[in-house]
Amino acid sequence: MTTHMQNDADWKVKLGLAEMLKNGVIMDVTNVEQAKIAEDAGAIAVMALERVPSDIRAQGGVARMSDPKMIMEIKQAVSIPVMAKCRIGHFAEAQILQALGIDFIDESEVLTPADDEFHINKHDFKIPFVCGCRNLGEALRRIGEGAALIRTKGEAGTGNIVEAVRHMRALMAGIHRLQACGKEELMTEAKNLGAPYDLVCYVAEHGKLPVPNFSAGGVATPADAALMRQLGAESVFVGSGIFKSSNPKKVAKAIVEATTNYMDAGKLAKLSEDLGEPMHGIDVRQLDEKHLFANRGW
Amino acid sequence: MKTIGILGIQGAIEEHESSLQKIGCKTLWVKEASDLTRIDGIILPGGESTSMGKQLVWSGLMEPLRQSIAQGLPVFGTCAGMILLAKELDGNNAQSRIGLMDILVRRNAYGSQLDSFVTELEVKGFAQPLPAVFIRAPRIESCGNGVETLASHQGHPVLVRQAKMLAASFHPELTDNTELHRYFTEMI
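Residues numbered from 1 in each chain as written. Chains lettered and ligands numbered in written order. Predicted model: local features only at pLDDT ≥ 70, side-chain atom pairs only at ≥ 80, totals over all residues. Heavy atoms only, no water.

Explanation requested: the overall build of chain A in the structure shown.
Across its full length, chain A holds 13 helices and 8 strands. A compact globule built from 298 residues should have a C-alpha radius of gyration of about 19 Å, and chain A, at 18 Å, falls within 12% of that. Seen through its principal axes, chain A has C-alpha atoms that stretch 55 × 40 × 40 Å. Here chain A holds 298 residues, and the buried ones make up 59% of them. For chain A, the exposed area adds up to about 12100 Å²; of that, 52% sits on carbon and sulfur atoms. Each charge class in chain A can be summarised by its mean position, and for the 34 positive and 39 negative side chains these summaries are 1 Å apart. (Helix = DSSP H or I, 4+ residues; strand = E, 2+ residues; numbered from the N terminus. Rg over C-alpha atoms; globule rule 2.2 N^0.38 Å. Buried < 20%, exposed > 50% of the residue type's maximum accessible area, 1.4 Å probe, protein only. Areas by Shrake-Rupley, 256 points an atom, 1.4 Å probe, with all protein chains shown as cover. Lys, Arg positive; Asp, Glu negative; His and termini not counted. Charge placed at Lys NZ, Arg CZ, Asp CG, Glu CD.)

Please explain the sheet that holds strand 5 (residues 86-90) of chain B as it appears in this structure.
Hydrogen bonds between backbone atoms are what pair the strands of a sheet, whose relative direction is either parallel or antiparallel. All names here are of chain B. Strand order in the open sheet formed by 3 strands is 5-6-9, and the pairing between neighbours is mixed. The two strands at the open ends of the sheet, each matched to only one other strand, are strand 5 and strand 9 (139-143). Each strand axis lies, on average, 30° off the axis of its neighbour in the sheet, ignoring direction. (Pairing = 2+ DSSP bridges. Axes fitted to C-alpha atoms, helices over the stretch in contact; angles between N-to-C directions.)

Before we go on, may I ask you to explain the packing of aromatic side chains in this structure?
Between two aromatic rings, the relevant description is the distance of the centres plus the angle of the planes. Going through the model one piece at a time under the given rule, you end up with 8 aromatic pairs over all chains. Taken together, a centroid distance of 6.1 Å and an interplanar angle of 50° make the contact between Phe214(A) and Phe237(A) tilted. Pair noted here: Phe214(A) is in strand 7 (residues 213-215) and Phe237(A) is in strand 8 (residues 236-238), with a separation of 23 residues, a long-range link. Given the relative accessible area of 0%, Phe214(A) is considered buried. Judged by its relative accessible area of 5%, Phe237(A) falls in the buried class. Through pairs of rings, three or more aromatic residues link up here, namely Tyr110(B), Phe117(B), Phe134(B) and Phe170(B). A cation over a ring is seen here: Lys253(A) above Trp58(B), with NZ or CZ 4.5 Å from the ring centre. (Phe/Tyr/Trp six-rings, centres within 6.5 Å; stacked < 30°, edge-to-face > 60°. Lys NZ or Arg CZ within 6 Å of the ring centre and 35° of its normal.)

Where do I start with the packing of helix 8 (residues 186-193) of chain A against helix 9 (residues 197-206) of chain A in this structure?
When two helices pack together, their arrangement is given by the angle between the helix axes and by the axis-to-axis distance. All names here are of chain A. Orientation of helix 8 relative to helix 9, taken along the N-to-C sense of each, is 115°, at an axis distance of 9 Å. By crossing handedness, the relation of helix 8 to helix 9 is classed as right-handed. Every residue of helix 9 that contacts helix 8 at Leu186, Met187, Glu189, Ala190 and Leu193 is listed here: Tyr197, Val200, Cys201 and Ala204. By residue class, the composition of the contact of helix 8 with helix 9 is 8 nonpolar, no polar and 1 charged. (Left-handed = near helix turned anticlockwise from the far one by under 90°. Contact = heavy atoms within 4.5 Å. Nonpolar A, V, L, I, M, F, W, Y, C, P; charged D, E, K, R; others polar.)

Would you explain the environment of Ile88(A) in this entry?
Residue and element names in this part refer to chain A. Inspection of the secondary structure puts Ile88 in the loop between strand 3 (82-87) and helix 5 (91-99). Taking the C-alpha atoms as reference points, Ile88 and Ala41, separated by 47 residues in sequence, lie 30 Å from one another. In this structure, Ile88 is in contact with Glu107, Ser108, Glu109, Pro113, Ala114, Asp115, Phe118, His119, Arg296 and Gly297, ignoring residues within four places of it in sequence.

Whenever I open this one, the interface of chain A and chain B confuses me. Can you help?
When the parts of a complex come together, some accessible area is lost, and that lost area is often used as the size of the interface. On the chain B side, the residues contacting the 35 residues of chain A number 34 residues. Between chain A and chain B the total buried area reaches about 2600 Å² when both faces are included, carbon and sulfur atoms providing 56% of it. Considering only the side of chain A, the residues that lose the most area to chain B are Val13(A), Met20(A) and Asn23(A), jointly responsible for 24% of the buried surface there. Across the chain A-chain B interface, the total number found is 3 salt bridges. The salt bridge partner of Lys22(A) is Glu15(B), with a shortest N-O separation of 2.7 Å. Between chain A and chain B we count 16 residue pairs in polar contact (both at pLDDT 80 or more) in total. Looking at the side of chain A that touches chain B, the elements with two or more residues in it are helix 1 (3-20), helix 2 (32-40) and helix 12 (248-260) of chain A. It is helix 1 of chain A that contributes the most residues to the side of chain A that touches chain B, 8 residues altogether. (Buried area = accessible area lost by both parts, 1.4 Å probe. Salt bridge = Lys/Arg side-chain N within 4 Å of Asp/Glu carboxyl O. Polar contact = N/O pair within 3.5 Å; in protein donor to acceptor, adjacent residues only side chain to side chain.)

In this structure, what is going on with the pattern of salt bridges? I would like to understand it.
Note that side chains of opposite charge can pair when their charged atoms are close. Evaluated as defined, the whole model comprises 33 salt bridges over all chains. Among the salt bridges present, the one from Asp103(A) reaches Arg136(B), with a minimum N-O distance of 3.0 Å. With Asp103(A) in the loop between helix 5 and strand 4 (104-108) and Arg136(B) in the loop between strand 8 (130-134) and strand 9, the pair connects residues from two separate chains. With respect to class, Asp103(A) is no different from Arg136(B); both count as buried. The closest approach of N and O atoms between Lys153(A) and Glu138(A), which form a salt bridge, is 2.8 Å. Here Lys153(A), found in the loop between strand 6 (149-152) and helix 7 (162-179), pairs with Glu138(A), found in helix 6 (residues 136-144); they are 15 residues apart in sequence, far enough to count as distant. Each of Glu19(A), Lys22(A), Glu14(B) and Glu15(B) takes part in a single network of salt bridges with overlapping partners.

Just to check I follow, could you spell out the pairing of strand 2 (residues 26-30) of chain B for this structure?
Consecutive residues of a regular strand have side chains that alternate between opposite faces of the sheet. All names here are of chain B. Judged from the 5 bridges that link them, strand 1 (residues 3-7) and strand 2 form a sheet pairing that is parallel. Each residue of the ladder has a partner; that of Thr3, found in strand 2, is Lys26. Crossover connection from strand 1 via helix 1 (residues 13-22) to parallel strand 2: handedness right-handed. (Right-handed = clockwise from strand over helix to strand, strands pointing away.)

Explain helix 8 of chain A here, please?
Three- or four-residue spacings in an α-helix give side chains the same orientation, since the helix completes a turn every 3.6 residues. All names here are of chain A. For helix 8, the full list of buried residues reads Leu186, Glu189 and Ala190. Buried residues of helix 8 fall within an arc of 100° about the axis and therefore sit on the same side. Projecting away from the buried face of helix 8 at angles above 90 degrees are the exposed residues Lys191 and Asn192. Against helix 7 and helix 9 lie the buried residues of helix 8. Positive phi appears at Gly194, one or two residues downstream of helix 8, with a value of about 65°. (Arc of directions from axis to C-beta.)

Before we go on, may I ask you to explain the pairing of strand 7 (residues 117-121) of chain B in this structure?
Residue and element names in this part refer to chain B. Here strand 7 shows a buried face lined by Phe117, Thr119 and Leu121 and an unburied face lined by Val118 and Glu120. Here strand 7 runs beside strand 8; their pairing, made up of 5 bridges, is antiparallel. Along strand 8, the bridge assignment pairs Val118 with Val133.

Sorry, what's going on with the sheet that holds strand 3 (residues 41-44) of chain B here?
All names here are of chain B. The strand order across the open sheet built from 7 strands is 2-1-3-4-12-11-10, with neighbouring strands paired in mixed fashion. Two strands lie at the open edges of the sheet, namely strand 2 and strand 10 (148-153), each paired on one side alone. Across the sheet, the mean angle separating the axes of adjacent strands is 20° when strand polarity is ignored. Each of strand 1, strand 3, strand 4 (75-78), strand 10, strand 11 (156-162) and strand 12 (165-168) touches helix 5 (residues 179-186); the most contacted strand, strand 3, lies at about 140° to it.

As structure tokens, this is what we get:
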């Protein structure tokens, strides 16, 4: 095979796994027991990390890649794909995660960034990456660097959906705007977005990103999952929302079923019943600008 | 015009939809039992078989779907969809599934995502090689007597047929080639 064909094949299988994860829920888990609860609840993948975002937020300090031993224990405990997070720009952490043979890397703003200027060149890796975004320009920059999956950032660890909504609306508005542009406008759009021209042209023509588009950061209830799906998310990541609730098993299963049946308000009503105490949550307006995870990365 | 249902729970549903529409079929996302009366065949897409299997049971769709297939509704399972069809699963045989096709399947037998690959297959009766994308693919370990192997890769069957049931361990829907979708609609 020529290099070009090999690159093409690598991209196809990276993107292919992202496509398989559509219409589902990816759950943050911190140990084997939680990973099994997630799998039993119908999660399509788990994100193995030592602390869920709300604990990272509460405890402060530098948040790094998780212990490989903990990640491998979770990988051995479940049959569904396993993801793990590396710090923004920390390509050595990414190399280590790839060597573990997990299925997906999240270059995540939830961890403390290692590089405040450059993200990882994700084309260098055989393992697919997911990256966060707050708007279309940021999404296309990450795809330009090789991300096979995009998630809107929201504000992780808050249990508050407002930032996830803001970012998804901004992303979708950006896409709709490009669709209405004439071809002669697209180079200027690319310049204003700070995004690669070919990707801008793709979005203008197809009305969607060239990779799947998921939502993250603040989903705590079945209704939150349904809201994000209706706003355009093809799947949802749930972090603290499950294991910081009073009944994780029930909440996890309800969020999975809500993600599948997001247009069926009757079913959503039933799924929202009697779930116990949801995660307490934080009003994002009470957070200082410097405490917002979403502002990490560019 | 034929209407092909796609199990609309989870996974790469839109890609099958697009392949089917390219060859002139109508499509329908199958979410409940009443949808089964409106289709001529059904595709079980790729995704996560554990999640699909559980949700089939929770939603009450499992039994009606199994009955329809047992009574001859043509079905095509790709990757996770093939796992749902398999009578025997090596490893976790308790996993919820339809279980009507006489094949023994091992999940993730080709390895993790780093072992995912793209290749071309010689398919019985096809003039041209078929591009095939294998993603964390399940492997067919053995087949019963009534199962015909249509394509193999490295000594294992990867495309098999039993009466009106067709199963592939790979993803034809992730390529531009629609020959296998056409083959399935001709089984109807």
